[in-house]
Structures are given as C-alpha cells and as structure tokens.
Amino acid sequence: MKNIAWRFFVVVLAWSLFSTTARANVYATDIKFDGSRTLVTSNAGGNLNISYILNEQATRGVTITISTNAKVVQTISVASGANGTFRGTNLVRWNGDDTNGISVTPGPYTVSITAAATGYANWTQISRDTNDVGNYVYLPRGVAVDNNSNSLYYGRVFIGSAGTGPSSATTPGDSVTILKLNADGTFADDGPDGNGGFDGIFDDGNGDVPQKLRVGDDDRLYMMDTVDHGEVVAFDMALTTNQVVLTKDNYTANPFYLNQSIPNGNGWFSMDVTDTATTNGRVWLGQIDPGGAGVWNWHLIDGAVDTNDDVGTQAVAVGPNLTQAASGGLMVDSNFDIFVSQNLTTANATDAASMEFPMWSGEVLSNSATWTVGPGDPSFLGISDTTIDSRTNPKYVACAVGTNGVRILDALTGSTIVPNLDRTNQYFATSWDNVGNLYAVTGTAHTLRVFSPPGTNQATTIAAIQVGEAPPAPPSPIGIIFNKTTVTVTFGASAPNTVSNFALASSPTINGSYQIVTNATGSQLSQGFFGFTISTNGPKQFYEIFRKP
C-alpha cells in the first residue's frame, strides 16, 4: 500500500502509564477518539467521543481525567454499573468544557482513563469460554500480549493456531493462522487473524507452526517455526507484513549443528526476544533434545540476525542444573536473568524442572542457577512454555505444565505460588499483560483462558489528543486486510465523513499512474473506520485513498 504524505492539523499519539502501588487486572485498551485510534479532529467547544475496551467490568468505577500542561481541566466519574464501566467496548462523551463550563482553548491535552475493580480473593478466570468467541482455538501453540505502552495496539492478544479444526472454512480458530484479539476476547477490528503474507504457516500435521509467540519492544510479533529447525519470523501488529529474522543459515557453524544434534534431532524449540528496539537486540533459542545445546542467542541488526553470524553465542550450557535441555520454554528479563524449564517426562526424574540463571554477562555460564525446583515432583512433568510477568521486575513465573494445568512460581525464589491452576486441562503456552493478568492456551478445552491475580486493583491508561479548529481532514491510511479472494484497504476519517467522500485508486507500480478502481465496494467498518474491498484476482497492485473533489 502506498503511503501518502498528507498534512494533518491534529494528531493523536497514544501511550499508557500504570499505577506502581498496586497490581491490577482491569484496564482500558484500544482507546479511540471519535472512532479513530490514529486521527481526531476535535473542534474547540465541541463534543468528543472517547471509546475504550475494558478487559473486565470496572466494579469500582472509571475516572476519566482531561489535563493540559499537568493541569486538570475536567474530570468525568463513571459509577460502577453505568456505561463506561462495562466489560467490552465503552463510550464516554466529553463536551469540550472545563470544570467551570467554559470551552477549552485549542492545544494538546491528555486523557487519563483509570479503571478500578474490587478484585478476587484467589487467582480467578476472567475470560469466558463460550461468549468470548475470539478465544476459541483448535490447536493452540503460542500466546502473546502487546505490553508496549507507546503502541496503538497496546493490549492486543495474539494466539498461534497450529492445526486445522472441523470448521476451518468459517471459524478462524479452526484455521492454521495467528489470531488477533482485543483484551475482552473479541476479534480485532482490522481482522480476526493473519499471516503477514508468510507462506511458511501451514498445517504439517504436527502443530509446528505458528509456535512460541513473543511481542518485542519494537512492537513486532515474533513467531517460531519449528518446521525448519527453528526459523523465527516477525510481523507488524496488524499481521500485514513479515520479516524472516533468523533461519538455519544463522547456525550452520554452530557446534551442535555440526555434530548433527540439531538437524537430526527435533532441534530448537524454546524462543524469546529481548531489547528488539535497541542495538542490543537478541533472539534466544533453546534446544528440545536431551543432552543438547542449552540456550544460545544471536544479535539483531536492522531487525534481523547478522547474516555473517552462523554460530551464535552460548548463554547456558547443559550441566548440573540444566541437565537435559531448554525444552520447556525460556524468557529473559532486562538484567539478562534467564528463566528456563525442562520438558521432563519420567515420573521419578531427579532433574530440576524449572530454574533461573542470574545476570548473564556475555560469557558462557557454568550452569550455576540461582534456584531450581521440581526434581522428583510428577506435577512438574511436561512443561512446554515458561514466561515471566515483567521484563524489568519479574514477580511471577508461569509454566504451562502439560496435563497439570499452569504452575505459578515466585520469580525470586522459585517457590510455588499456585501449584496447578486449572489442573484438569492441558496447557501449551502462557503470557502476561502489563497489569498482571495471566494468559494461557489449552488444547483440551481449545481456548484461551485469562486469570486475574488476587487483590483490589486499578490501572491508568493515558492518551494524548490535540483540541483545535480543524479543516476537513484527508483520510488516514491504516492497513490492508487479506481474506483469501479479496483485499480490503482500510482507513480512518473523522465525522461527518462517510465512505462516499473517498475513492480507491490503484497502480501496478508504486510511483505509477493511479486510476480509480470502479468495482471497489466501500463500507464503514466501525465508527470513523472505513474500507474499500476488491478482488485479489489479477496482477500485483499498489493502492491509495483520496478525497473526492
């Protein structure tokens, strides 16, 4: 899609801040102003519709604060049970006045949405298996949440669906794909799923791809493809593009590749990414085969592993603590503390199931862990994924313990917080959102389940807007949605625009002569969000949206 250099009078930039005094499970995501997450034209003295999604009901109410230059100009309080506190999409209207009833002057303003809830006495499932249609997945193999506070897609949930279910023609969760969900379990408004154009996502009968999802701080979704020895692919948050980050060519000189333990075994299975928005970004891999490679990493350069690095750097060797392999998932915090588990299958095994290695400094570790847990404990068998609740200050470690549910450990000591959450179901992968909720995908119940930590809580999400007199705005291109035989070019435009105010044009080359697409079907996808749909039959095309004279 061709990006047009429109000049806007006003711009929206969304980001989030959170309370540091309490853990939280209810929070606002998908914030929009007059129906748009990327563009708002709000006239001074006019109404502004503020919409957002709550992942569960705010049982202690919602407070919306509008400020400028750190000075509060208006506060809107919504009591529990009123519109603005419900689970799902909420809309609250600000009339543009300050607390004295005077219209605010043009300028930048911040909108803070604080949602609060009474919480629960114990870890409690807050997702709904039957009503949250987006949570269904036939063969889940990965889950990840966008925790980047400066992202327009903050709170978006991704599920790796790696097997074909009974209704693949009509049900996204029955297809081999990556699902895109809002925090309340509904499908994303830019489409329920996608593969970013990556042709490596297919059903090989073994559930190998998509496998092990992580969201990097560069706001990209990273996926492991174990079909091809642990290939790693990155996608944008809308799943419209892809970049192959690491291939087997990046470890052909690795000693464990040379001795055939990788190509002839099951190969790399555990994956993580760290510091992907910096020059110190890394991709981390762990091997599944016993007696194998342990944990290795590769540097990222311009979003991908250096093509000249075909060895990698070893971080954890198999030894007295990691006795078999990093086969049960791994995750690394900002101090390079490495949390890793082993997928053990023998009931009387004396091997440790989970462990933490402290502050890797760039040298091969002696495999001396800070803590190890689980030797001889059959309730630790079958771990397939391991995640921490925070990169900067981890409190919990979640282990997807096969047919024993999910085990939650203390990140500092390894002691058990919750022995086996939802023990009757088999879990394959876990993740955490930015306010402490645990996300886990189960293959026996074929669903994503979300669990809230105990305790009273609240969280604040902040977004920025510009208030001022604005001329009619041109369209704001957002993305492209592919759906087998059709493509939908989506864009945002503020009220009172309708789709009839715009047209779609195409060209076979990006700098070519653009002609109106006469057979394009225009529609309003949601408030302030439109699309033109055309058939994908025919040659490759570039598109642009323009306002009719």
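Scroll up to find the structure.
Let me sum up the structure you'll find in this document. (Residues numbered from 1 in each chain as written. Predicted model: local features only at pLDDT ≥ 70, side-chain atom pairs only at ≥ 80, totals over all residues. Heavy atoms only, no water.)

Here the focus is empty space enclosed by the protein. Summed over all chains, the structure comprises 4 cavities of 30 Å³ or more. Space inside the second largest cavity adds up to approximately 90 Å³. As for the second largest cavity, its lining consists of 14 residues, and the residues nearest its centre are Ala183, Asp184, Gly185, Tyr439 and Val450. (1 Å grid on protein atoms, 1.4 Å probe; cavity = no way out; pocket = protein on both sides within 12 Å on 5 of 7 lines; lining within 4 Å. Points joined across faces, edges and corners; volume = space filled by probe spheres on them.)

With respect to the helices, strands and loops of the structure, Asp146 is situated in the loop between strand 9 (140-145) and strand 10 (157-161). You can call Asp146 buried: its relative accessible area is 0%. The spacing of Asp146 and Thr99 is 47 residues in sequence and 35 Å in space, taken between C-alpha atoms. Other than its neighbours up to four places away in sequence, Asp146 contacts Ser151, Tyr153, Tyr154, Gly155, Arg156, Val215, Asp219 and Met237. Here Ser151 takes part through its side chain, which lies 3.0 Å from a polar atom of the side chain of Asp146. (Helix = DSSP H or I, 4+ residues; strand = E, 2+ residues; numbered from the N terminus. Buried < 20%, exposed > 50% of the residue type's maximum accessible area, 1.4 Å probe, protein only. Contact = heavy atoms within 4.5 Å. Polar contact = N/O pair within 3.5 Å; in protein donor to acceptor, adjacent residues only side chain to side chain.)

What follows deals with the pattern of salt bridges. For the structure shown, the criterion picks out 13 salt bridges. For Lys32, the salt bridge goes to Asp30, with nearest N and O atoms at 4.0 Å. Relative accessible area serves as the criterion here: at 10%, Lys32 is assigned to the buried category. With its nearest N and O atoms 2.6 Å apart, the salt bridge here joins Arg449 to Asp422. Of this pair, Arg449 sits in strand 32 (residues 447-452) while Asp422 sits in the loop between strand 29 (416-421) and strand 30 (427-432), and the two are 27 residues apart along the sequence. The class of Arg449 is buried, set by a relative accessible area of 10%. (Salt bridge = Lys/Arg side-chain N within 4 Å of Asp/Glu carboxyl O.)

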